[in-house]
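Architecture and fold: a report
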Amino acid sequence: MAKTNPGHFFEDYAVGQVLPHAVPRTVTEGERALYHALYPARHALYSSDEFARNCGLQESPIDDLAAFHVVFGKTVPDISLNAVANLGYAEGRWLLPVYPGDTLRSVSEVIGVKQNSSGKTGVVWVRTRGLNQLDEVVIEYVRWVMVRKSNLDAPAPETVVPELKKALEPDDLVIPEDLDFSNYDFTLAGEPHRWGDYQIGETIDHVDGVTVEEAEHMLATRLWQNTAKVHFDLTFRPDGRLIYGGHVISMARALSFNGLANAQMIVGLNSGAHANPCFAGDTIKAWSEVLDKAETNAPGIGAIRLRLVATKGDVPFALRTEEGKYREDVLLDLDYWALMPV
């Protein structure tokens, strides 16, 4: 019998199937150091224990996206090892902060399948949950991927496309217990702009850009144990190794500090699309649009819904063509909720 794992192909998935993912991971301060080495991440809540304690937390958590990458990386061997592309995200929620010393594992459930008309690939929807050492769910999200078929003669499964929320409602958001922005230090955070200063429909050019290097992308995929072949193996994709989509997300989020330094904590992921591939040598820039705002019951805290767009061009605020398709220079279109001092 073969001892190696070729990964799952489209015909291997069925709705209701539960996939417990291997290799739990204990998160350490090293995770934070490497994350901040890879990205110009400067949000104060994730940089300073003292700032975090002033905001009611026990210490500074691991960056919300770093925790997401750990949970996501566990799922790759079972979900996207043979993927053509990761197509989108929905219903993502950060339910508990992740602190150094926590051990994370991931479990996914298949909630939808649809074979493509070519008969060579299909789309698989999964709901993934990241759990800590106490079996508490810290992160959950839905994503869908296009996966190759191994046996082209395998019959197409019954199509099941899950109904997903277009956006989370403010009541769906979970604010960490004891989080309190009443005594928030705007000077240490880096900008004076608070929740009330942002208007729905406002757009923000984050100005800065970072050119992606092959070495940093390879470090990121290895750090989070992302084994998808399109990120590693040039024989699998001769036109170039794709930059891991999470790398683009984290880079864009870090760049958004300039203009959104006080959007401290991501708590909801409404949707996300990797609009075009990113390769080494591309320069990532970012802009944001304020989509919605909501009051919360937590002291001094408001919720702000943002569209974060990463591009490899110099034209901010341009998203789609006249035909409604993403422009070729758009890399990422991400819709999320964040917490901000009022």
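Since this is a predicted model, take the numbers as computed values, not measurements.

Bringing the layout of surface pockets into the picture now. There is about 460 Å³ of room inside the largest pocket. Considering the residues around the largest pocket, the lining is formed by 28 residues, among which Ala85, Asn86, His231, Leu242 and His274 are closest to the centre. Only α3 (64-79), β3 (83-94), β6 (137-148), α6 (229-232) and α7 (245-255) provide two or more residues apiece to the lining of the largest pocket. For the lining of the largest pocket, the element with the highest residue contribution is β3, accounting for six residues. The computed volume of the second largest pocket comes to approximately 180 Å³. What lines the second largest pocket is simply Gly56, Leu57, Gln58, Leu96, Pro97, Tyr99, Pro176, Glu177 and Asp178. Looking at the lining of the second largest pocket residue by residue, the class counts come to five nonpolar, two polar and two charged.

Packing of helix α1 (residues 29-38) against helix α5 (residues 214-223) brings their axes to within 11 Å, and their N-to-C directions diverge by 155 degrees. On the basis of the axis angle, α1 is roughly antiparallel to α5. Regarding α1 and α5, the two cross each other, and that crossing is left-handed. Residues Glu31, Leu34 and Leu38 of α1 form the contact with α5, whose own contacting residues are Glu216, Leu219, Ala220 and Leu223. Here the residues of the contact of α1 with α5 are counted per class, giving five nonpolar, no polar and two charged.

The next subject is α3. In an α-helix, one full turn covers 3.6 residues, which means residues spaced three or four apart are oriented alike. The terminal C-alpha atoms of α3, which comprises 16 residues, lie 22 Å apart, in line with the 22 Å expected from a rise of 1.5 Å per residue. Along α3, 15 of the 16 residues are buried, which leaves the element largely enclosed by surrounding structure.

On inspection of all chains with the given rule, the structure shows three cavities of 30 Å³ or more. What the largest cavity holds in volume is close to 110 Å³. For the largest cavity, the lining is made up of 15 residues, of which Tyr46, Asp64, Trp94, Leu96 and Pro97 are closest to its centre. Elements with a contribution of two residues or more to the lining of the largest cavity: α3 and β8 (265-274).

Membership of the largest hydrophobic core comes to 57 residues, with the highest contact counts inside it found for Trp224 and Ile284. No other element matches the eight residues that α3 contributes to this core. Non-local contacts of isoleucine 284, meaning those with residues more than four positions away in its chain, are made with Asp208, Gly209, Val210, Val212, Val248, Met251, Leu255, Cys278, Ala310, Thr311 and Leu331. In terms of nonpolar packing, the next biggest core, distinct from the first, is built from 23 residues, Leu179, Tyr184, Val267 and Trp337 among them.

Parameters at a glance
Residues numbered from 1 in each chain as written. Predicted model: local features only at pLDDT ≥ 70, side-chain atom pairs only at ≥ 80, totals over all residues. Heavy atoms only, no water. 1 Å grid on protein atoms, 1.4 Å probe; cavity = no way out; pocket = protein on both sides within 12 Å on 5 of 7 lines; lining within 4 Å. Points joined across faces, edges and corners; volume = space filled by probe spheres on them. Helix = DSSP H or I, 4+ residues; strand = E, 2+ residues; numbered from the N terminus. Nonpolar A, V, L, I, M, F, W, Y, C, P; charged D, E, K, R; others polar. Axes fitted to C-alpha atoms, helices over the stretch in contact; angles between N-to-C directions. Parallel < 35°, antiparallel > 145°, perpendicular 65-115°, else oblique. Left-handed = near helix turned anticlockwise from the far one by under 90°. Contact = heavy atoms within 4.5 Å. Expected span 1.5 Å × (residues − 1). Buried < 20%, exposed > 50% of the residue type's maximum accessible area, 1.4 Å probe, protein only. Core = buried A, V, L, I, M, F, W, Y, C linked by side-chain atoms within 4.5 Å.

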